[in-house]
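Breakdown of the fold
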Amino acid sequence: MLVAFSPTAQGTVFDWPTSPSWTAGQPVIGSAQTVDYSSTGQNISVTIANTGATWNGGYPQVAAGGTGFVNGGTANNGLIVQPSAQTSPGTFIQLTINFNNPGGVNNVSFQLWDIDATVDASGNGFIDTITHLQATAVAGGTLFPDTIDNTHTSNPGISYNSITGSGPTLSITGDPSQPAGAANGTDQGTVNITFSQAITQLSFWYSNTATGSLTTQTIGLGPLTYSILPETSPGWAVATVCIAAVALEFGRRRRKLRI
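Small disclaimer: the values here were computed from a predicted structure and weren't measured. (Residues numbered from 1 in each chain as written. Predicted model: local features only at pLDDT ≥ 70, side-chain atom pairs only at ≥ 80, totals over all residues. Heavy atoms only, no water.)

**Here we look at the overall build of the protein**
What counts is decided by this rule: Strands are runs of DSSP state E lasting at least 2 residues, helices are runs of H or I lasting at least 4, and numbering of each runs from the N terminus. Here the term buried applies to any residue with accessible area under 20% of the maximum for its type, exposed to any over 50%, and partly exposed to those in between, with areas from a 1.4 Å probe on protein chains only. Any two residues whose heavy atoms approach within 4.5 Å at even a single point are treated as in contact. Accessibility throughout is a Shrake-Rupley quantity obtained with a 1.4 Å probe, and a residue counts as covered only by protein chains that appear here.
When its secondary structure is counted, the protein shows one helix and 19 strands. Buried positions account for 43% of the 259 residues belonging to the protein. Sequence separation of 24 or more characterises 74% of the internal contacts of the protein that already satisfy a separation of 6 or more. Within the structure as shown, the protein displays about 11,900 Å² of accessible surface, and the carbon and sulfur contribution to it stands at 56%.

Here it is in structure tokens:
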């Protein structure tokens, strides 16, 4: 009996292809837009849902080769998200990445770029806030990042964001005590995230938690690196039962011969 597995790819990189790019347009308040990237050979689809954001023109967008408004100090492609305002601090943009490989993926790592804050004395401005950062396990259930850090090489003595809590209470928040915020073309506001376990989906909420008038904010999502897991054929369970049955019968016959 043959047992079939799907192909495996170690260290696959999803580098935000510029074609089909972000073709779905701007998700208006109360709606969601999805782009399916399976035509690129990677079984990934991305959904942006919007509960209260208005957008600057041209965003969301895929920016090529570090040309985006933010780039994490890299020359990589990135998905750039730039709302011009949120209707209130309680509203958010939810970004969901679906890994549509039958066996799921593991060792997923990626960067969020330019998580920072700029507010005036009255609290007007923006405080980038990431919450509900989680993944769906292949077998079901919710997983949280295995590792997360905000290590950066540009101006390393200054923290432009803070990481607090863990699991469902995990929050990444721009630091309003740094009034100039992170420099757009550097890794100052970068956060590094890894999900080691097997997952089919990851998602997070992006919001503005400033206390005054809410203004334009921007983050970027860099390339995703992951390993494709093989799909076990349903025949595998049957094969296991067959092997066990053969072993049992072999043992029974040996015992009979000794009598």
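**Thoughts on the pairing of strand β9 (residues 105-113)**
For the record, the criterion: For two strands to pair, DSSP has to find at least two bridges joining them.
Direction of pairing for β9 relative to strand β19 (residues 224-228): antiparallel, over a ladder of three bridges. The residue bridging Val105 from the neighbouring strand is Ile228, located in β19. As defined by bridge partners, β9 adjoins strand β16 (residues 191-195) across five bridges and the pair is classed as antiparallel. The residue of β16 that forms the bridge with Ser109 is Thr194.

**Overview of the packing of aromatic side chains**
Heads up, the rule is: When the centres of two rings from Phe, Tyr and Trp lie within 6.5 Å, Trp using its six-membered ring, the rings pair. Their planes under 30 degrees apart give stacked, over 60 give edge-to-face, and anything left gives tilted.
Under the definition given, this model contains five aromatic pairs. Pairwise contacts between aromatic rings join Phe14, Trp16 and Tyr37 into one cluster.

**Describing the confidence of the model for the protein**
What counts is decided by this rule: Every residue carries a pLDDT, the predictor's confidence in it, which falls somewhere between 0 and 100.
Confidence in the prediction for the protein averages 89 pLDDT; 85% of positions are at 70 or higher. Confidence drops under pLDDT 50 across residues 234-247; counting only partners more than four residues distant or on other chains, this segment forms six contacts.

**Here's the deal with empty space enclosed by the protein**
Threshold: Whether a set of points on the 1 Å grid over the protein atoms alone is a cavity depends on a 1.4 Å probe fitting there but being unable to get out, while an open set qualifies as a pocket with protein on both sides within 12 Å along at least five of seven lines; lining residues are those with an atom within 4 Å of a point. Grid points are joined across faces, edges and corners, and a volume is the space filled by probe spheres set on the points.
Throughout the structure, instances matching the rule amount to one cavity of 30 Å³ or more. The calculated volume of the largest cavity comes to roughly 30 Å³. Around the largest cavity, the lining residues are Val81, Ile93, Leu95, Phe204, Tyr206 and Ile219. Elements that contribute at least two residues to the lining of the largest cavity include exactly β8 (93-99) and β17 (199-208).

**Considerations on unusual backbone geometry**
Omega for the peptide link from Ser19 to Pro20 comes to 15°, which places this bond in the cis form. Mapping Pro20 onto the fold places it in the loop between β1 (12-14) and β2 (31-36). Of note, the bond from Tyr59 into Pro60 is cis; its omega dihedral lies within 30 degrees of zero at 0°. Its place among the elements puts Pro60 in the loop between β4 (53-55) and β5 (61-63).

**Here we look at the nonpolar core**
Side chains of a nonpolar character, in soluble globular proteins, are inclined to be buried together. As a reminder of what qualifies: Remark: nonpolar core denotes a set of buried residues (Ala, Val, Leu, Ile, Met, Phe, Trp, Tyr, Cys) joined through side-chain atoms within 4.5 Å.
The biggest cluster of nonpolar side chains holds 46 residues, and the ones touching the most others in it are Trp16, Ile97, Phe99, Val108, Phe110 and Leu202. Ignoring any residue separated from it by four or fewer positions in sequence, one finds Ile97 in contact with Trp16, Ile44, Ser45, Val46, Thr200, Gln201, Leu202, Leu221 and Leu224.

**What to know about the side chain of Ser21**
With respect to the helices and strands, the residue Ser21 is situated in the loop between β1 and β2. Judged by its relative accessible area of 16%, Ser21 falls in the buried class. Ser21 has contacts with Val35, Tyr37 and Val62, leaving out every residue within four places of it along the chain.

**A closer look at the environment of Asn161**
For the record, the criterion: In protein, a polar contact means a hydrogen-donor-capable atom and an acceptor-capable atom, both N or O and within 3.5 Å, with residues adjacent in sequence counting only if both atoms are side-chain atoms; elsewhere, any N or O pair within 3.5 Å suffices.
Structurally, Asn161 can be placed in strand β14 (residues 161-164). On the accessibility criterion, Asn161 (2% relative accessible area) is buried. The contacts of Asn161, once residues within four sequence positions are left out, are Ile115, Asn150, Ile172, Thr173, Gly174, Asp175, Gly189, Thr190 and Val191. In terms of polar contacts, Asn161 uses its side chain to reach the backbone carbonyl oxygen of Gly189, at 3.3 Å.

**Overview of the side chain of Gln86**
Of note, Gln86 is situated in strand β7 (residues 83-86). The exposure class assigned to Gln86 is buried, which follows from its relative accessible area of 5%. A polar atom in the side chain of Gln86 sits 2.8 Å from the side chain of Thr91.

**Here we look at the environment of Val108**
Tracing the sequence through the fold places Val108 in strand β9. According to the relative accessible area criterion, Val108 is buried, its value standing at 0%. The spacing of Val108 and Leu224 is 116 residues in sequence and 6.7 Å in space, taken between C-alpha atoms. Ignoring sequence-local partners within four residues, the contact set of Val108 consists of Phe99, Ile193, Thr194, Phe195, Ile199, Leu202, Leu224, Thr225 and Tyr226.

**Looking at the environment of Thr18**
Mapped onto the secondary structure, Thr18 falls in the loop between β1 and β2. In this structure, the C-alpha to C-alpha distance between Thr18 and Gln61, residues 43 residues apart in sequence, is 9.2 Å.

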